[in-house]
Amino acid sequence: KQEVTQIPAALSVPEGENLVLNCSFTDSAIYNLQWFRQDPGKGLTSLLLIQSSQREQTSGRLNASLDKSSGRSTLYIAASQPGDSATYLCAVSGSARQLTFGSGTQLTVLP
Amino acid sequence: GAVVSQHPSWVICKSGTSVKIECRSLDFQATTMFWYRQFPKQSLMLMATSNEGSKATYEQGVEKDKFLINHASLTLSTLTVTSAHPEDSSFYICSATFRADTGELFFGEGSRLTVL
């Protein structure tokens, strides 16, 4: 059974800092990995998707990497802003396209 | 594009009543939709996979007679919580995909259910 772990559970940084969120998964036989953002009481916004054959994806200030063999992914956020404050969820997809989620990292960017 | 809409966004009901939550893909057809639930400060747990025109596939531990799923069309799936009880209070989120190549999932805004 796939298990996804995210570290740290919470992170607080001053505005402007670069930061890294970590995600690890136990079964390397994944179809893809997605990073999501969730604001309090809201649904999920897809940030980046990395196919199993890819090693990284970039979108604006966000860069996600994937090391499938070691079961790890990182989400790098450059020049953080208060508007980046949210919970970031990592999820991996198996062959049936079902997602297994990590417990998330709650990010607070202080102005 | 790739918008998934849920309705209602929040609902309060009395114990013992049934509540229906709708999930619509607004600008694409989704042969498969997924239903998740999320308890406060916890992550999302898959409840079931909804397939258009066929029975849903439920995850272990999810009561199919309590959480009725109907996927009547390529753009609509419904989740009915039957005889709701306070322990069913949760945040329910649906997702869908039209990307057969990448499998990227798009999520609705979620529905907050509170059972009194």
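Note that the structure is predicted; figures quoted are calculated from it, not measured. (Residues numbered from 1 in each chain as written. Chains lettered and ligands numbered in written order. Predicted model: local features only at pLDDT ≥ 70, side-chain atom pairs only at ≥ 80, totals over all residues. Heavy atoms only, no water.)

### Some details on the state of the cysteines
Logical step 1: A full pass over the atoms with the stated rule returns 2 disulfides over all chains.
Logical step 2: Each disulfide pairs two cysteine sulfurs, and for A:Cys23 the partner residue is A:Cys90, the sulfurs being separated by 2.0 Å. Residues A:Cys23 and A:Cys90 are joined by a disulfide whose S-S torsion is about -60°; by sign, that bridge is left-handed. Of the two residues, A:Cys23 is situated in strand β3 (residues 19-25) and A:Cys90 in strand β9 (residues 86-93); the sequence distance between them amounts to 67 residues.
Logical step 3: Taking relative accessible area as the criterion, A:Cys23 reaches 2% and is therefore assigned buried.
Logical step 4: Bridging B:Cys23 to B:Cys94, the disulfide has an S-S length of 1.9 Å. Because the torsion about its S-S bond is 80°, the bridge between B:Cys23 and B:Cys94 counts as right-handed. Taken together, the positions of B:Cys23 in strand β3 (residues 19-25) and B:Cys94 in strand β9 (residues 90-96) put the pair 71 residues apart, joining distant regions of the chain. (Disulfide = S-S within 2.5 Å. Helix = DSSP H or I, 4+ residues; strand = E, 2+ residues; numbered from the N terminus. Buried < 20%, exposed > 50% of the residue type's maximum accessible area, 1.4 Å probe, protein only.)

### Considering the sheet that holds strand β7 (residues 67-73) of chain B
Residues and elements named next belong to chain B.
Logical step 1: Taken in spatial order, the 4 strands of this open sheet run β1-β3-β8-β7, and their pairing is antiparallel. At either end of the open sheet lies a strand with only one pairing partner, and these are β1 (4-7) and β7. Neighbour-to-neighbour, the strand axes of the sheet open up by a mean angle of 15°, direction not taken into account.
Logical step 2: Direction of pairing for β3 relative to strand β8 (residues 76-81): antiparallel, over a ladder of 6 bridges. Its bridge partner lying in β8, Arg-24 is registered against Leu-76. (Pairing = 2+ DSSP bridges. Axes fitted to C-alpha atoms, helices over the stretch in contact; angles between N-to-C directions.)

From the geometry alone we can't say anything about function, so treat these as descriptive.
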